[in-house]
Amino acid sequence: MKRVVVTGGAGYIGSHTIIELVNSGYSPIVLDNFSNAKREVLAGLKAILEFEPHVEEVDCTDRSALFSAFERITSGETIDGIIHFAAFKAVGESTLMPLKYYSNNIASTVNILEAAKRFDVSDFVFSSSCTVYGQPETIPVDESTPVRGADSPYGYTKQVCERIITDFVRSGYPLKAALLRYFNPIGAHPSGHIGELPLGTPDNLIPYLTQAAAQLREPLTVFGNDYPTPDGTCIRDYIHVLDLAKAHVAALNWLGGQGTTCEAFNLGTGQGHSVLEVMRAFERTTGVPVPHRIGPRRTGDIAAIFADTSKARRELGWSCQFNLEDALRDAWNWQQSTVD
Ligand code: UFG
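Summary of the structure given here. Here the structure is a predicted model, which is why all the values come from computation and not from measurement.

**Observations concerning the sheet that holds strand E11 (residues 261–267)**
- Across the sheet, 7 strands lie side by side as E3-E2-E1-E4-E5-E6-E11; this open sheet has parallel pairing. Each having just a single partner strand, strand E3 (54–57) and E11 make up the two edges of the open sheet. Between one strand and the next, the sheet's axes are offset by a mean angle of 20 degrees, whatever the strand orientation.
- Of the pairings in the sheet, the one linking strand E6 (residues 176–182) to E11 comprises 7 bridges and is parallel in character. For Leu180, the partnering residue across the bridge sits in E11 and is Phe265.
- In this fold helix H5 (residues 98–118) packs onto strand E1 (2–7), strand E4 (81–84) and strand E5 (123–129), with an angle of close to 175 degrees to the strand it touches most, E4.

**A word on the site of the ligand**
- Looking at the ligand, there are 18 residues lining it, with Leu205, Thr221, Arg236, Arg298 and Asp301 nearest.
- Contacts to the ligand include Thr221, whose backbone N or O atom sits 2.7 Å from a nitrogen atom.
- Within the backbone of Phe223, a nitrogen or oxygen atom sits 2.9 Å from an oxygen atom of the ligand.
- Here the ligand has 680 Å² of accessible area as a free molecule, and 89% of this is covered by the chains.
- Broken down by element, the residue count for the shell around the ligand peaks at 4 residues, all from strand E8 (residues 220–223).
- Classifying every residue of the shell around the ligand by side-chain character gives 9 nonpolar, 5 polar and 4 charged.

**Re the pattern of salt bridges**
- Scanning the model with the defined rule gives 22 salt bridges in all.
- The shortest N-O distance in the salt bridge between Arg284 and Glu325 comes to 3.1 Å. Residue Arg284 is located in helix H9 (residues 275–286), and its partner Glu325 is located in helix H11 (residues 324–337); the two are separated by 41 residues in the primary sequence.
- The partly exposed category is assigned to Glu325, whose relative accessible area is 26%.
- Here the residues in one salt-bridge network are Arg163, Asp167 and Arg170, joined through shared partners.

What counts, and where the lines are drawn
Residues numbered from 1 in each chain as written. Predicted model: local features only at pLDDT ≥ 70, side-chain atom pairs only at ≥ 80, totals over all residues. Heavy atoms only, no water. Pairing = 2+ DSSP bridges. Helix = DSSP H or I, 4+ residues; strand = E, 2+ residues; numbered from the N terminus. Axes fitted to C-alpha atoms, helices over the stretch in contact; angles between N-to-C directions. Contact = heavy atoms within 4.5 Å. Near = heavy atom within 4 Å. Polar contact = N/O pair within 3.5 Å; in protein donor to acceptor, adjacent residues only side chain to side chain. Areas by Shrake-Rupley, 256 points an atom, 1.4 Å probe, with all protein chains shown as cover. Nonpolar A, V, L, I, M, F, W, Y, C, P; charged D, E, K, R; others polar. Salt bridge = Lys/Arg side-chain N within 4 Å of Asp/Glu carboxyl O. Buried < 20%, exposed > 50% of the residue type's maximum accessible area, 1.4 Å probe, protein only.

Given below as structure tokens:
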């Protein structure tokens, strides 16, 4: 069995990826410091997998603790790959606390690459974001679109980390790296055992929407209806988190057949949906109304972006199996299972 270290493996995308790795015959090891993940996630993983995955509680910015964790994990065996999710990800917070984002996200990535070198791990998958494109001139956006000046410190950390990984490969180190640029991951595992667990008031659309629908929050504020889009609200590419998780497995499989490389891949559905379309789709799928109001634009939002996914389909042999309705149904199922 191929052994894969998953930093941030208790997080939202990380936990779903653990499931898909196991389903595909990999043996994942979770590295997490639980700074932005609840320990209940481990019980959810156990309920789905019917065993407890190997977990190392470690902060990736602590280089010596990270190396000690790798020592324990290897103990004579090889590590075949690393998937590096661990990072702070709140765009708004990053503008208020840029140093927190720079020190955490960048130091973790450097330390993980050093661990890859020290422990002879050649296959590396990095959790990046479509935020690296800013507002592209043409949509759908493909991977040849130039990376733009970042809109937030969070976005800049993704650009810098992509660059660090690229430079490491260019330096001659025989790393095989896939930079996965996520569009908007939503939904949850259909079992209702794991899903997105935002701490406090959610910033992202779907967790806020489901909490507003469950009457746990004030009505959803639609941030602006005067954008140059058909209904005036912003357009995004919402991808089911399980499809995204499967793409990580596809990326690892693909890296296995490559020589030294560093390639970026867009991971989205290729379809754009406006905020109002998402709301209506949720109401249609669940039969539950979404209390909402139209508010002003949110600073930093771009009008529209969605992915050209042909490279991932062609190279990774991956495509989405779920649609928007599936993702919204699973997000609602998760929301209901978190309310006791
Ligand atoms: N939105 C609302 N009301 C809300 C929350 C969001 O109308 O309460 C709207 C936003 O204005 C936007 C859309 O819903 O049009 C999606 O917003 P999210 O916050 O869910 O997602 P973003 O597209 O802003 O951000 C996501 C990720 C980031 C990533 C970024 C790249 O959360 O990590 O995509 O564009 F950097």
